[in-house]
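As a plain string of letters, each chain reads:
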Amino acid sequence: MRGAFATFVALVRRDLVLAVREGGALGTALGFFLIVVALMPLGLGPDLNLLSRIASGVLWIALLLAALLSLPRIFEADYEDGALEVMAMGELPMEMVAAAKSLAHWISTGIPLALMAPMLGILLNLDLASAPVLVATMLAGTPAISFLGSIGAALTLKARRGGLLLALLVLPLYIPTLIFGISTVNAASLASDSFWPSFAILVALSLGSAVLGPIAAAAAVKFQIQ
Amino acid sequence: MPTMQTSQSITQKLANPTRFMDLSGRLLPWITVASAGIIAYAMYLVFFVAPPDYQQGQTVKIMYIHVPSAWLGMMAYALIAISSFGLLVFRHPLADVSAKAAAPIGAAFTLLALLTGSLWGKPMWGTYWVWDARLTSVLLLFFLYLGLMALRSSIEDEALAAKLTAVLALVGVILLPIIKFSVDWWNTLHQPSTGLTTTVHASIRVPLLISAFGFSLLFFAMHMKAMRNEILRRRVKALRMAEVERAQSNSPPGNPSVSGDIRARAAQAGE
């Protein structure tokens, strides 16, 4: 019998390998990210000063929407082919299964999207000096997106029109992350003292959701596969 | 004897809701009349007795509906959260009925608070809407209500929908304070709570408290009525399922899996 941690790591690795070999998931998310960012100047007009001022906010919102698009993949395929039931019968508690799958989602979606952001920032005349801070806040904030998103993904497994419902359920939960992500970027650009407090709260939101998300998602999954 | 056993278990299941139906049937007319009377009295005080504000003039009257609506919008969510906890932890038979009945009423009061607030904001702040901390967090409360109702309506299996909605309601409880405090970091236009005991003059405070009491009774009357409706709806559904099952067992044996499925669903509806 392997240790629980080894099982956890194996599950994360399995989900990552599936995400890479299935393909499509990351490409779709990145493409969506690009399209949303590209739509902004078309809607707001090509005023470079305006775009530069709102660039970090637009990038954060586009990232939320792009990550939202890939959330159903956390549980859906495994639920449909029965793998989730096998995992539920295994020795690893469902909470840890949910945590492993959310972590894999963060690694396969959150990190690439965050790293892409500065490149898309060029389209919005983002001040390149602030790009490292932007990426840092996104890397610190995206775990919350994956872990909170897993709640929505688990709740909508059996729902009709699951995709639209998922957005309605999950986007309100993302508000704190969005607010502190943006306020951290702003604090850094003003070189003010509130950078570290905001950043610490952003990290705290991610850590808190890493506890809350798996518990709620596991409860929701268990109700649906028993 | 199998028939004895099933009839007993059905009575056991209905025992608590039946007692509730008796009790609420007797209480409901009184609460309804009381709430109508108290709201009417409060409105009389508001429009004929309470003075206009020295700065706001007559628009201050909006507050007598706005503040109770906002309170009840939050209280209804607390009620949903407690009911959800009761459902998931104690499996109380009425908990889900209560949570389901409270959601649309709470959403309506939250929307009323938003609408009256924006009607007040136009003459006072010069705009219907600002992205202020308080307004944003109440709007998010409204979104949470919408999410609860949408999730419930999109899952066919009612027992499952009840449990999943309860999970979402409890997640919302943990996140509401975080949302509240996170938006507090933004600039705030909405005045803070005034601590009704001291700073507000009695000529305004008393009508407000009476109005809040009347609207609270209105909430409880509507909630009770909605719970009664829901219980009756479930009973009708369970009876229909039982009838279908009886018809099937009388007819020559058809598809056994279908009748098993219906029996399972009837059992769920009865719980």
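(A) Broad picture of the overall build of chain A. Check the secondary structure of chain A and you find ten helices and zero strands. Starting at the N terminus and ending at the C terminus, chain A contains elements arranged as α-α-α-α-α-α-α-α-α-α. A buried classification covers 51% of the 226 residues belonging to chain A. Total accessible area on chain A is roughly 10000 Å²; 70% of this is exposed by carbon and sulfur atoms.

(B) How the structure looks around the overall build of chain B. Tallying secondary structure elements over chain B gives seven helices and zero strands in all. Along chain B, helices and strands appear, N-terminal first, in the series α-α-α-α-α-α-α. For chain B, the residues scored as buried account for 41% of the 271 residues in total. Counting every atom, chain B has about 14700 Å² of accessible surface; 69% of that belongs to carbon and sulfur.

(C) Structural view of the packing of aromatic side chains. Per the counting criterion, the structure on display carries nine aromatic pairs over all chains. Measuring from centroid to centroid gives 5.7 Å for Tyr-77 of chain B and Tyr-145 of chain B, while their planes differ by 75°, and the two rings are edge-to-face. Residue Tyr-77 of chain B is found in helix H2 (residues 63-90), and its partner Tyr-145 of chain B is found in helix H4 (residues 133-153); the two are separated by 68 residues along the sequence. As far as burial versus exposure is concerned, Tyr-77 of chain B and Tyr-145 of chain B are alike and both buried. Both rings, one in Phe-109 of chain B and one in Phe-219 of chain B, keep their centres 6.2 Å apart while their planes meet at 55°; by these two values the pair is tilted. Here Phe-109 of chain B, found in helix H3 (residues 95-125), pairs with Phe-219 of chain B, found in helix H6 (residues 202-250); they are 110 residues apart in sequence, far enough to count as distant. For Phe-109 of chain B, a relative accessible area of 5% translates into the label buried. Residue class for Phe-219 of chain B comes out buried when judged on its relative accessible area of 0%. Ring pairing ties together the aromatic residues Phe-195, Trp-196 and Phe-199 of chain A, which thus form one cluster.

(D) Examining the confidence of the model for chain B more closely. Residue and element names in this part refer to chain B. In this model, chain B carries an average pLDDT of 81, and 79% of its residues clear a pLDDT of 70 or more. Averaged pLDDT values over the elements of chain B bottom out at 53 in helix H7 (residues 256-270) and peak at 91 in H3. When the criterion is pLDDT under 50, residues 1-15 qualifies, and its contacts beyond four places in sequence or with other chains add up to four contacts.

(E) Highlighting the nonpolar core. Judged by nonpolar contacts, the single largest core of 98 residues is most densely connected at Phe-33, Leu-59, Phe-75 and Leu-155 of chain A. For this core, the leading source of residues is helix H3 (residues 48-70) of chain A, giving eleven residues. When neighbours within four sequence positions are excluded, Phe-75 of chain A is seen to be in contact with Leu-84, Ala-98, Lys-101, Ser-150, Ala-153, Ala-154, Leu-157, Ala-217 and Val-221 of chain A. Of all hydrophobic cores here, the second largest spans twelve residues; its members include Ala-101, Leu-217, Ala-221 and Met-227 of chain B.

(F) Spotlight on the side chain of Ser-209 of chain A. Summarising the element assignment, Ser-209 of chain A is placed in helix H10 (residues 195-225). Residues in contact with Ser-209 of chain A, not counting those within four places in the same chain, are Pro-143, Ala-144, Phe-147, Leu-148 and Pro-214 of chain A.

(G) Geometry of a nonpolar patch on the surface. Judged by side-chain polarity, Tyr-41, Tyr-44, Phe-47, Phe-48 and Val-49 of chain B come together as a nonpolar surface patch covering roughly 600 Å² of accessible area. The exposure class assigned to Tyr-41 of chain B is partly exposed, which follows from its relative accessible area of 45%.

(H) Structural view of helix H7 (residues 131-155) of chain A. All names here are of chain A. With 25 residues, H7 extends 35 Å from end C-alpha to end C-alpha; this agrees with the ideal 36 Å at 1.5 Å per step. If you look at H7, its biggest bend is around 30°, right at Gly-141, and the proline Pro-143 turns up within four residues after that. With 21 of 25 residues buried, H7 is to be regarded as a mostly interior element.

(I) Expanded view of the interface of chain B and chain A. The partner chain A presents 27 residues to the 25 residues of chain B that form the contact. Along the contact surface separating chain B from chain A lie one salt bridge. A salt bridge links Arg-160 of chain A to Glu-156 of chain B; its shortest N-O distance comes to 3.4 Å. The tally of links between chain B and chain A comes to three residue pairs in polar contact (both at pLDDT 80 or more). When residues of the side of chain B that touches chain A are traced back to their parent elements, those giving at least two are H4 and helix H5 (158-184) of chain B.

(J) A look at the pattern of salt bridges. One pass over the full model with this rule turns up 13 salt bridges over all chains. Notably, a salt bridge pairs Arg-14 of chain A with Asp-78 of chain A, separated by 2.9 Å at the nearest N-O pair. Of this pair, Arg-14 of chain A sits in helix H1 (residues 4-22) while Asp-78 of chain A is found in helix H4 (residues 76-80), placing the two residues 64 residues apart along the sequence. One salt bridge connects Lys-101 of chain A with Asp-78 of chain A, and the closest N-O pair in it is separated by 2.3 Å. Of this pair, Lys-101 of chain A sits in helix H6 (residues 94-123) while Asp-78 of chain A is found in helix H4, placing the two residues 23 residues apart along the sequence. A residue is classified by how much of its surface remains accessible, and Lys-101 of chain A, at 1% relative accessible area, is buried. Its relative accessible area of 6% is what places Asp-78 of chain A among the buried residues. Three or more residues are tied together by salt bridges with common partners; here these are Asp-96, Lys-100, Arg-152, Glu-158, Glu-230, Arg-233, Arg-234 and Lys-237 of chain B.

(K) Representation of the packing of H3 of chain A against H7 of chain A. Residue and element names in this part refer to chain A. Look at H3 against H7: their axes get within 12 Å of each other, and the N-to-C directions meet at 30°. Between H3 and H7, the crossing angle belongs to the class labelled roughly parallel. Crossing hand, H3 versus H7: right-handed. Contacts between H3 and H7 involve Ser-56, Leu-59, Trp-60, Leu-63, Leu-64 and Ala-67 from the first element and Leu-134, Thr-137, Met-138, Gly-141, Thr-142 and Ile-145 from the second. Residue classes in the contact of H3 with H7 are distributed as eight nonpolar, four polar and no charged.

Parameters and conventions
- Residues numbered from 1 in each chain as written.
- Chains lettered and ligands numbered in written order.
- Predicted model: local features only at pLDDT ≥ 70, side-chain atom pairs only at ≥ 80, totals over all residues.
- Heavy atoms only, no water.
- Helix = DSSP H or I, 4+ residues; strand = E, 2+ residues; numbered from the N terminus.
- Buried < 20%, exposed > 50% of the residue type's maximum accessible area, 1.4 Å probe, protein only.
- Areas by Shrake-Rupley, 256 points an atom, 1.4 Å probe, with all protein chains shown as cover.
- Phe/Tyr/Trp six-rings, centres within 6.5 Å; stacked < 30°, edge-to-face > 60°.
- pLDDT = per-residue confidence, 0-100.
- Contact = heavy atoms within 4.5 Å.
- Core = buried A, V, L, I, M, F, W, Y, C linked by side-chain atoms within 4.5 Å.
- Patch = residues over 30% accessible without salt bridge, like charges linked within 9 Å, V, L, I, M, F, W, Y side chains within 5 Å.
- Salt bridge = Lys/Arg side-chain N within 4 Å of Asp/Glu carboxyl O.
- Expected span 1.5 Å × (residues − 1).
- Bend = angle between axes of the 7 residues up to and from the residue.
- Polar contact = N/O pair within 3.5 Å; in protein donor to acceptor, adjacent residues only side chain to side chain.
- Axes fitted to C-alpha atoms, helices over the stretch in contact; angles between N-to-C directions.
- Parallel < 35°, antiparallel > 145°, perpendicular 65-115°, else oblique.
- Left-handed = near helix turned anticlockwise from the far one by under 90°.
- Nonpolar A, V, L, I, M, F, W, Y, C, P; charged D, E, K, R; others polar.

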